Amino acid sequence: EFLSALRDDGLEVRFTRSESRLLAYMVRNAGRILSRNQLLDELSEPVSDKSDRNIDFTINRLRRKLNDDPKS
């Protein structure tokens with residue numbers, strides 16, 4: 001369900017609804033390159049305001065929570 005994860009350092013992190021949805025979508029599409037529009041469509045509710053920045057914020061939060069260094 002991607003509600004939480006246990007990092008290598010033993011810390012449990014909890015995910016927001018949008019983070020969980022994005023993680024599940026990426027797992028379902030493992031090995032594929034996903035466009036910003038595909039990610040945005042997955043996260044957006046039918047009546048929500050779509051913005052590329054939403055994807056940036058969500059991915060940045062996930063990277064911080066999972067201790068992922070984007071430079072490496």
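To be clear, the structure that these remarks concern was listed above.
So, here is what we can say about the structure in this document. What you see is a predicted model; the values in this text were computed from it and never measured.

### Some points on the overall build of the protein
Phase 1 of the analysis: Scanning the protein for helices and strands turns up 3 helices and 2 strands.
Phase 2 of the analysis: Beginning at the N terminus, the succession of helices and strands in the protein can be written as β-β-α-α-α.
Phase 3 of the analysis: Judged by the C-alpha coordinates and their principal axes, the protein covers about 40 × 25 × 20 Å.
Phase 4 of the analysis: Counting only contacts in the protein whose residues sit at least 6 apart along the sequence, the fraction spanning at least 24 positions is 38%.
Phase 5 of the analysis: Approximately 5400 Å² of the protein is accessible, and the part contributed by carbon and sulfur atoms is 50%.

### Section: the environment of D9
Phase 1 of the analysis: Locating D9 in the fold gives a position in the loop between β1 (4–6) and β2 (12–14).
Phase 2 of the analysis: Sequence spacing of D9 and I33 is 24 residues, and the spatial spacing of their C-alpha atoms is 29 Å.
Phase 3 of the analysis: For D9, the side chain forms a polar contact with the side chain of R7, separated by 2.5 Å.
Phase 4 of the analysis: Here the side chain of D9 touches L11 through a polar contact of 3.1 Å, landing on its backbone nitrogen.

### Brief notes about the side chain of T58
Phase 1 of the analysis: In this fold, T58 is placed in helix α3 (residues 52–65).
Phase 2 of the analysis: Not counting the four nearest positions on each side in its chain, T58 is found in contact with S18, E19, L22 and L43.

### Some points on the environment of L22
Phase 1 of the analysis: With respect to the helices, strands and loops of the structure, L22 is situated in helix α1 (residues 17–28).
Phase 2 of the analysis: Relative accessible area serves as the criterion here: at 0%, L22 is assigned to the buried category.
Phase 3 of the analysis: Taking the C-alpha atoms as reference points, L22 and L62, separated by 40 residues in sequence, lie 9.4 Å from one another.
Phase 4 of the analysis: The residues contacting L22, other than those within four sequence positions of it, are L39, L43, T58, I59 and L62.

### Observations regarding the nonpolar core
Phase 1 of the analysis: By size, the foremost hydrophobic cluster in this structure holds 11 residues: V13, F15, L22, L23, Y25, L34, L39, L40, L43, I55 and L62.
Phase 2 of the analysis: Those elements that place two or more of their residues in this core are α1, α2 (36–43) and α3.

Parameters and conventions
- Here the residue index of a chain counts from 1 through its sequence in written order.
- A pLDDT threshold of at least 70 governs which residues receive local features in this predicted model, and a stricter bar of 80 or more applies before side-chain atom pairs are shown or counted, although totals over entire chains, interfaces and linings include all residues.
- The basis for every side-chain value is the complete set of heavy atoms in the structure, and neither hydrogens nor water enter the calculation.
- Secondary structure is summarised from DSSP: a helix means a run of H or I of at least four residues, a strand means a run of E of at least two, and numbering begins at the N terminus for each.
- We call two residues in contact when some of their heavy atoms are within 4.5 Å.
- Computed by Shrake-Rupley with a 1.4 Å probe, the accessible areas treat only the displayed protein chains as cover when residues are assessed.
- Whenever two N or O atoms come within 3.5 Å, that pair is a polar contact, provided that in protein one can donate a hydrogen and the other can accept it, and provided that, for residues adjacent in sequence, both atoms are side-chain atoms.
- Each residue's exposure class comes from its accessible area (1.4 Å probe, protein chains only) as a fraction of the maximum for that residue type: buried when under 20%, exposed when over 50%, partly exposed otherwise.
- In plain words, nonpolar cores are sets of buried Ala, Val, Leu, Ile, Met, Phe, Trp, Tyr and Cys residues tied together by side-chain atoms within 4.5 Å.

Any link to function would need more than the numbers given here.
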